[in-house]
Amino acid sequence: MITYNEKLRVFKLDTKNSSYVIGVFEQNYLLNLYYGAKIPDANLWKNAMRIKSASFSPSNPHFPHENYSVDVLPMEYPCNGSGDFRISALAIKNSDGNTVTDIRYISHKIYKGKPSLAPLPYIYLNNYDEADTLEILTEDKVTGVKVTLFYTVFNEIDAITKSVNVKCGENAVDIERIFSSCIDFPAMDFDFITLYGRHAKERCREQRKLAHGIQGIASKRGVSGHSQNPFAALVRHDGTEEHGDAYGINLIYSGNFEISAECDYSGTTRLIAGINPTDFGWRLESGESFQSPEAVLVYTDKGIGEMSRIFHRLYTHNLIRGKYKYEKRPLLINSWEAAYFNFDTDKLVSFAKEAKSLGIDMLVMDDGWFGKRNDDTNSLGDWFVNEEKLKGGIGELVERVNSIGMKFGIWYEPEMISPDSELFRAHPDWLVHVPNREPSIARNQYVLDVSRADVRDNIFNQMYDVISKHNIEYVKWDFNRNISEAGSALLPKERSKEFFHRFILGTYDLMDRLTKAFPDILFENCSGGGGRFDAGMLCYSPQIWTSDNTDPIERLSIQFGTSMCYPASTMGAHVSACGRTGFGTRGNVALWGTFGYELDPTKLTEDEKIAVREQISEYHKYYDLIHYGGLYRLIDPYFDSFRCAWGFVSSDKSEALFTAVIMRRIESGLFILKLAGLDKDKFYKNESDGEIYSGALLMNSGVNLTNIIRNDGDSVKLHFTAV
Ligand code: GLA
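Residues numbered from 1 in each chain as written. Predicted model: local features only at pLDDT ≥ 70, side-chain atom pairs only at ≥ 80, totals over all residues. Heavy atoms only, no water.

## Details of the overall build of the protein
- Along the backbone of the protein there are 12 helices and 39 strands.
- For the protein, the C-alpha radius of gyration of 26 Å lies close to 27 Å, the compact-globule estimate for 723 residues.
- The principal-axis extents of the C-alpha atoms in the protein amount to approximately 80 × 70 × 45 Å.
- For the protein, restricting intrachain contacts to residue pairs at least 6 apart in sequence, the fraction spanning at least 24 positions comes to 67%.
- Total accessible area on the protein is roughly 26,400 Å²; 48% of this is exposed by carbon and sulfur atoms.
- Measuring between centres, the 80 positive side-chain charges of the protein sit 2 Å from its 97 negative side-chain charges. (Helix = DSSP H or I, 4+ residues; strand = E, 2+ residues; numbered from the N terminus. Rg over C-alpha atoms; globule rule 2.2 N^0.38 Å. Contact = heavy atoms within 4.5 Å. Areas by Shrake-Rupley, 256 points an atom, 1.4 Å probe, with all protein chains shown as cover. Lys, Arg positive; Asp, Glu negative; His and termini not counted. Charge placed at Lys NZ, Arg CZ, Asp CG, Glu CD.)

## Brief notes about the packing of aromatic side chains
- Enumeration over the complete set of coordinates arrives at 46 aromatic pairs.
- With a centroid separation of 4.6 Å and an interplanar angle of 65°, the aromatic rings of F185 and Y247 are classed as edge-to-face. With a gap of 62 residues between them, F185 in strand β10 (residues 173–185) and Y247 in strand β15 (residues 246–252) connect regions that are remote in the sequence. As far as the burial class goes, F185 and Y247 line up, both buried.
- On the numbers, 5.6 Å between centres and 25° between planes, the contact of F595 with Y619 is stacked. Highlighted residues: F595 in the loop between α10 (583–590) and β31 (596–598) and Y619 in helix α11 (residues 606–628), separated in sequence by 24 residues. As far as burial versus exposure is concerned, F595 and Y619 are alike and both buried.
- An aromatic cluster is defined as three or more aromatic residues linked by ring pairs; in this entry it consists of Y20, Y35, Y151, F185, F190, Y247 and Y299.
- Seen from the ring of Y29, R104 lies directly overhead, with NZ or CZ sitting 4.0 Å from the centre. (Phe/Tyr/Trp six-rings, centres within 6.5 Å; stacked < 30°, edge-to-face > 60°. Buried < 20%, exposed > 50% of the residue type's maximum accessible area, 1.4 Å probe, protein only. Lys NZ or Arg CZ within 6 Å of the ring centre and 35° of its normal.)

## A word on the domain arrangement of the protein
- The assigned domain composition of the protein is domain 1 (2–318), domain 2 (330–628) and domain 3 (632–722).
- For domain 1 versus domain 2, the separation of C-alpha centres amounts to 34 Å.
- Taken together, the 47 residues of domain 1 in the interface contact 41 residues of domain 2.
- Taking both sides of the interface into account, the surface hidden between domain 1 and domain 2 amounts to around 3,700 Å²; carbon and sulfur atoms contribute 57%.
- Taken together, the connections running from domain 1 to domain 2 amount to two salt bridges.
- Measuring nitrogen to oxygen at the nearest pair gives 3.2 Å for the salt bridge that ties K201 to E554.
- Where domain 1 packs against domain 2, one counts 29 residue pairs in polar contact (both at pLDDT 80 or more).
- Contributing elements (two or more residues each) for the side of domain 1 that touches domain 2: β11 (190–198), β12 (201–209), β14 (228–236), β15, β18 (282–284) and α2 (303–318).
- Counting residues per element, the side of domain 1 that touches domain 2 draws most heavily on α2, which supplies seven residues. (Domains from an automatic or database assignment. Buried area = accessible area lost by both parts, 1.4 Å probe. Salt bridge = Lys/Arg side-chain N within 4 Å of Asp/Glu carboxyl O. Polar contact = N/O pair within 3.5 Å; in protein donor to acceptor, adjacent residues only side chain to side chain.)

## A look at α2
- Spanning 16 residues, α2 covers 22 Å between terminal C-alpha atoms, matching the ideal 22 Å at 1.5 Å per step.
- Taking burial as the measure, the 16 residues of α2 include 14 buried ones, the bulk of the element. (Expected span 1.5 Å × (residues − 1).)

## Some details on the site of the ligand
- Neighbouring the ligand are 13 residues, the closest being D366, D367, K476, G529 and D548.
- Between the ligand and K476, the relevant distance is 2.7 Å, taken from an oxygen atom to a side-chain nitrogen or oxygen of the residue.
- At 3.1 Å, a side-chain N or O of N480 approaches an oxygen atom of the ligand.
- When the free accessible area of the ligand is taken as 310 Å², the share hidden by the protein chains comes to 96%.
- Taken together, the residues of the shell around the ligand break down into four nonpolar, three polar and six charged. (Near = heavy atom within 4 Å. Nonpolar A, V, L, I, M, F, W, Y, C, P; charged D, E, K, R; others polar.)

## Regarding the sheet that holds strand β32 (residues 630–635)
- Read from one edge of the open sheet, six strands run β32-β33-β34-β39-β36-β37, paired in antiparallel fashion. Two strands close off the open sheet at either side, each with one partner strand: β32 and β37 (692–694). Going across the sheet, the axis of each strand differs from the next one's by a mean of 25°, ignoring polarity.
- Lying over the sheet, α11 contacts β32, β33 (643–649), β34 (655–662) and β39 (715–722), oriented at roughly 100° with respect to β34. (Pairing = 2+ DSSP bridges. Axes fitted to C-alpha atoms, helices over the stretch in contact; angles between N-to-C directions.)

## Describing the packing of helix α4 (residues 345–358) against helix α5 (residues 393–403)
- Between α4 and α5, whose axes approach to 9 Å, the crossing angle comes to 20°. By the angle class used here, α4 and α5 are roughly parallel. The handedness of the crossing between α4 and α5 is right-handed. Note on element contacts: α5 touches α4 through L397, R400 and V401, opposite T345, D346, L348, V349 and A352. (Parallel < 35°, antiparallel > 145°, perpendicular 65-115°, else oblique. Left-handed = near helix turned anticlockwise from the far one by under 90°.)

## Remarks on the environment of I87
- In this structure, I87 sits in the loop between α1 (45–48) and β5 (90–93).
- Taking C-alpha positions, I87 is 8.1 Å from I214, a pair spaced 127 residues apart along the chain.
- Ignoring any residue separated from it by four or fewer positions in sequence, one finds I87 in contact with P78, R177, I214, S260, E262, R270 and I272.

## Overview of the sheet that holds strand β30 (residues 575–576)
- Ordered by their spatial adjacency, nine strands build an open sheet running β29-β28-β27-β26-β23-β22-β21-β31-β30, and the pairing between neighbours is parallel. Two strands in the sheet have a free side with no partner beyond their single neighbour: β29 (571–572) and β30.
- Note that strand β23 (residues 407–412) and strand β26 (residues 474–477) share four bridges and pair parallel. What sits directly across from W411, in β26, is K476.

## Observations concerning the nonpolar core
- Of all hydrophobic cores here, the largest spans 190 residues; its most connected members are V166, Y315, W369, I410 and W646.
- Ranked by residues supplied to this core, first place goes to helix α8 (residues 499–517) with eight residues.
- The residues contacting V166, other than those within four sequence positions of it, are L90, I92, V145, K146, V147, I175, I178, L284, E288, S289 and F290.
- Among the nonpolar cores identified, the runner-up in size contains 21 residues, and V649, L673, L675 and L698 belong to it. (Core = buried A, V, L, I, M, F, W, Y, C linked by side-chain atoms within 4.5 Å.)

## Quick look at the packing of helix α9 (residues 552–562) against α10
- Packing of α9 against α10 leaves a shortest axis separation of 10 Å and a crossing angle of 15°. Compared by their axis directions, α9 and α10 come out roughly parallel. In this structure, α9 meets α10 at a crossing whose hand is left-handed. Here α9 contributes P552, R555, L556 and Q559 to the contact with α10, which in turn contributes T585, R586 and V589.

## Observations concerning unusual backbone geometry
- Cis peptide bonds are those with omega within 30 degrees of zero, and the linkage from A118 to P119 qualifies with 15°.
- Inspection of the secondary structure assignment puts P119 in the loop between β6 (104–112) and β7 (131–140).
- A positive phi is found at Y340, a non-glycine position, where the angle reads about 45°.
- Relative to the assigned elements, Y340 resides in the loop between α3 (336–339) and α4.
- Looking at Y340, the relative accessible area reads 41%, which means it is partly exposed.
- Residue R443 is not a glycine yet carries a positive backbone phi of 45°.
- Within the secondary structure, R443 sits in the loop between α6 (422–426) and β25 (446–447).
- For R443, a relative accessible area of 29% translates into the label partly exposed.

Listed below in structure tokens is the structure:
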């Protein structure tokens, strides 16, 4: 619900449990008056007046009191060069060549529903009365640039989305910075939670106390990347999973991003999120406009766990699209770790036969099926079948796999090109490059310039040709390097800084065309594991391969970190042949995700086959609980290097599944696990021993696991049903 109080000149944006308040101040500056737990009224003006003697900060000469400065006021969308010395959300170079920017309120609109941000990915509504939107129109009088701030407020989910649109006036301008969201908090007693990583160790939680100055995370890799994820949270120092203020922010964007927090001398915190201004610029000619990516804000006073569950609910129902949003996804086995490049039709068919007998639904043929590819040195861009490997082509393979009763899926890396490929020989200028510099190479490959429509058409047509001719029901979409020497042969030099954003728009366009051409195909995103695990990608693929690291103990910190923002249904997780930890624990960890296999099924022992069948029946049994239940992180490997535990509770709290793992044994350690998320007044049957306990007992006293799991890599599942 959104209201405007004309007398106070205040906008109040209410979700079920939170309020966000914006005020129109003197001289029509927009101030960020409040974001936090729901409040019924909105007279916040006295609290917004932060400090009277600003430290050398200049003041607007028309302010009623010379001590007021935009440098100390809580600014809703702060601009560069006009008196606010903190990080700015917007900087526009005007036709005079300077970057002074200053926007003021002009008018606003409040309406039901939410506008589309296409061609950018965005949160959508299932029903038009699920949310309300506020558009605030502002203007920079000197340049005539119009800036519209968009806010959509959900009624039932404690989330707000924000984005910004800049429209050029009469004279061309260059946007140098455009952030999607800014919030000015009147405090700095926060911890900053971010997700750092690398290949095979993505999205590990990191938590630090905010300090004076600027701190933040960013990517300039051309994609969101392994190193940092476009998510951050601010939580009070004493906040826990179940208690305390937690503010989460996530960008629906897959390109270069920045999320920064700045604490100033007066003890306030500015949190901004958007496109990374480094290597970004956008020329706007008269009448043209630029739309920023969308930021999603979540607030709760019920702790970090509830913040995650809010993101999960929103993404499950309002971000993920297509057939597999709610339809049960096929259980797959992927050939990569089983065979790498070393396969032929017979081998894949033997995988499919064995997998079918175990209860698996789909065989995915990973890298190595096209061009002349037998290793990673060639053929990216040549998306036609390697007939030497797959005699009879894909047609024969798919028919044989289908005749066993298995579905078939395939791997692509569409935005890449090998120097040793027919595509490269035909179009040597189609790679991402800049004049006079030799492009760097990674994994023997260059990046294709998908900012170009002709390049995208070529790749679309090649993919369409293979996919439309065969019964392909799944596509794994990979991206195995980052972008350097970033430029496009088609971009004029005054627009060269537009490249990175144009590249991502090109990727989205290609994904949009393919997902629309093949609405029944399940797409799974991937980038050297989880190097592009972001909310932008989730608009095209409901699941993303979380990490190339399939070791279940290593996976725990990756899955815990990923779950800060992204639901279990999006996390590609497979049982692999990696031997350090037992089969049971590998299955228990992969169950917290899409679940599948990444091993040679013909090499399984009889005992392992029994275990696989059991795991598959559990996968079916718990599918809805894991995909649609609420996640509770009980013991996070960020805090405990010995054990970890998590659980899923159904929305009506009638069923729950908890899993605990011993990562490293502690001698004589007592292990009593306190559960969470249950109804304290309900009674639950522990399905493993038939005993009945109250939710209150299970959450306050716990379950004694001391003699149930003891050794490195042991794990246990606890299933409860309400009686
Ligand atoms: C990436 C993926 C793997 C696999 C290989 C194939 O690393 O993360 O799962 O598909 O590429 O080359």
